[in-house]
Amino acid sequence: MKHLQIAIDGPAGAGKSTVARQVAGRLGLSYVDTGAMYRAIAWKALRENLDVHDEEAITQLAEQLTFSLHPQGIIVNGLLLKEEIRTQEISALASAIAKMPGVRRILVNKQQEIAARQSVVMDGRDIGTHVLPEADVKVFLTASIEERAFRRYKELKAKGIDVNLDQLREEIKHRDENDRTRKYAPLEQAKDAVLIDTTDLSIEDIVESIMQLCRHKM
Ligand code: C5P
């Protein structure tokens, strides 16, 4: 089969990971959750009592970490990380760390190496613009802020995590703002990406639309 690269970008809560995982499953490709890599650095920095605003220390940490794919999470230096990197604290720290150019350069390299070894569906914020600019299919998923906050709320509730919807909406808005306005590789739609507003779409509808885009490339 042809070596395929499918890039899925968009803001928090737009449905990227659920959709990317399903598309990867249907096409038999590897799914790469790049957000988990930024989250893993934040988690590790906390564990090692590093100052998360110390750019040099965080960049060094990023360099030392090795990442490998796992269906239930991400393996970082041999350790499988799952729910521990999904907390609101880690979300906010990951977004702050993601502003650091050195960290981004290291992760983009690692992500490109993964995609060179295998066909991938990769999701994140800068995949179509920076990581895989030559991707075969590029999709930018969005949804209204209300819908995105509500989706996260339901997701966390289902895991037994108690959250306040208003607080979650503000947290997502803040993270969006951080991601869209950072100087280096901000969140934006690649010029050749297909925009899908998922506000009123089911997961199956979104997956089917992306599958149609992929079928043209296979
Ligand atoms: O996708 P997820 O919400 O897990 O990502 C966590 C944070 O990591 C995002 O808010 C963003 O700041 C950062 N990120 C990024 N570039 C990516 C993936 C994630 O800046 N490709």
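About the cut-offs
Residues numbered from 1 in each chain as written. Predicted model: local features only at pLDDT ≥ 70, side-chain atom pairs only at ≥ 80, totals over all residues. Heavy atoms only, no water. Near = heavy atom within 4 Å. Polar contact = N/O pair within 3.5 Å; in protein donor to acceptor, adjacent residues only side chain to side chain. Areas by Shrake-Rupley, 256 points an atom, 1.4 Å probe, with all protein chains shown as cover. Helix = DSSP H or I, 4+ residues; strand = E, 2+ residues; numbered from the N terminus. Nonpolar A, V, L, I, M, F, W, Y, C, P; charged D, E, K, R; others polar. Buried < 20%, exposed > 50% of the residue type's maximum accessible area, 1.4 Å probe, protein only. Pairing = 2+ DSSP bridges. Axes fitted to C-alpha atoms, helices over the stretch in contact; angles between N-to-C directions. Contact = heavy atoms within 4.5 Å. UniProt positions renumbered as here; feature names shortened; annotations may be inferred.

1. Quick notes on the site of the ligand
Consideration 1: Around the ligand sit 14 residues, and of these Arg39, Arg104, Asp126, Arg175 and Asp179 come closest.
Consideration 2: Within the side chain of Arg104, a nitrogen or oxygen atom sits 2.8 Å from an oxygen atom of the ligand.
Consideration 3: Arg175 is positioned such that a nitrogen or oxygen atom in its side chain is 2.8 Å from an oxygen atom of the ligand.
Consideration 4: Starting from 450 Å² of accessible surface for the ligand in isolation, the protein chains cover 97%.
Consideration 5: Secondary structure elements with two or more residues in the shell around the ligand: α2 (34-47) and α8 (165-181).
Consideration 6: For the shell around the ligand, the element with the most residues is α2, which contributes four residues.
Consideration 7: Within the shell around the ligand, the residues separate by chemical class into two nonpolar, four polar and eight charged.

2. Examining the pairing of strand β6 (residues 120-124)
Consideration 1: Within β6, five of the five residues are buried, which leaves the element mostly enclosed by the surrounding structure.
Consideration 2: Where burial is concerned, the two faces of β6 agree: the one with Val120, Met122 and Gly124 and the one with Val121 and Asp123 are both buried.
Consideration 3: Sheet analysis places strand β1 (residues 5-9) next to β6, joined by five bridges and oriented parallel. Within β6, the position partnered with Gln5 by the bridge is Val120.
Consideration 4: In this structure, strand β2 (residues 30-33) lies alongside β6, joined through four bridges in parallel fashion. The residue of β6 that forms the bridge with Tyr31 is Val121.

3. Observations regarding the sheet that holds strand β8 (residues 194-197)
Consideration 1: The five strands lie next to each other as β2-β6-β1-β7-β8, forming an open sheet whose pairing is parallel. The open sheet has two edge strands, β2 and β8, and neither has a second partner. Each neighbouring strand pair of the sheet contributes to a mean axis angle of 20°, computed without reference to strand direction.
Consideration 2: With respect to the sheet, helix α9 (residues 203-215) is in contact with β1, β7 (137-142) and β8, its orientation differing from that of β7 by roughly 160°.

4. Examining the pairing of strand β4 (residues 73-76)
Consideration 1: Sheet topology note: the strand β3 (residues 67-70)/β4 ladder contains four bridges and is antiparallel. Across the sheet, the residue bridging to Phe67 is Val76, located in β4.
Consideration 2: Between β3 and β4, which pair antiparallel one after the other, the connecting turn spans two residues.
Consideration 3: Note: β4 against strand β5 (residues 79-81), three bridges, orientation antiparallel. What sits directly across from Ile75, in β5, is Leu80.
Consideration 4: What sits between the antiparallel neighbours β4 and β5 is a turn of two residues, in which Asn77 has the positive phi angle 45°.

5. Quick word on the UniProt feature "binding site: ATP" (unreviewed entry) in the protein
Consideration 1: Within the UniProt annotation, "binding site: ATP" (unreviewed entry) is assigned to Gly10, Pro11, Ala12, Gly13, Ala14, Gly15, Lys16, Ser17 and Thr18.
Consideration 2: What Ala12 contacts, discounting residues up to four positions off in sequence, is Arg125, Arg148, Ile172, Arg175 and Asp176.
Consideration 3: By relative accessible area, which is 16% here, Gly15 ends up buried.
Consideration 4: Not counting the four nearest positions on each side in its chain, Gly15 is found in contact with Leu141 and Arg151.

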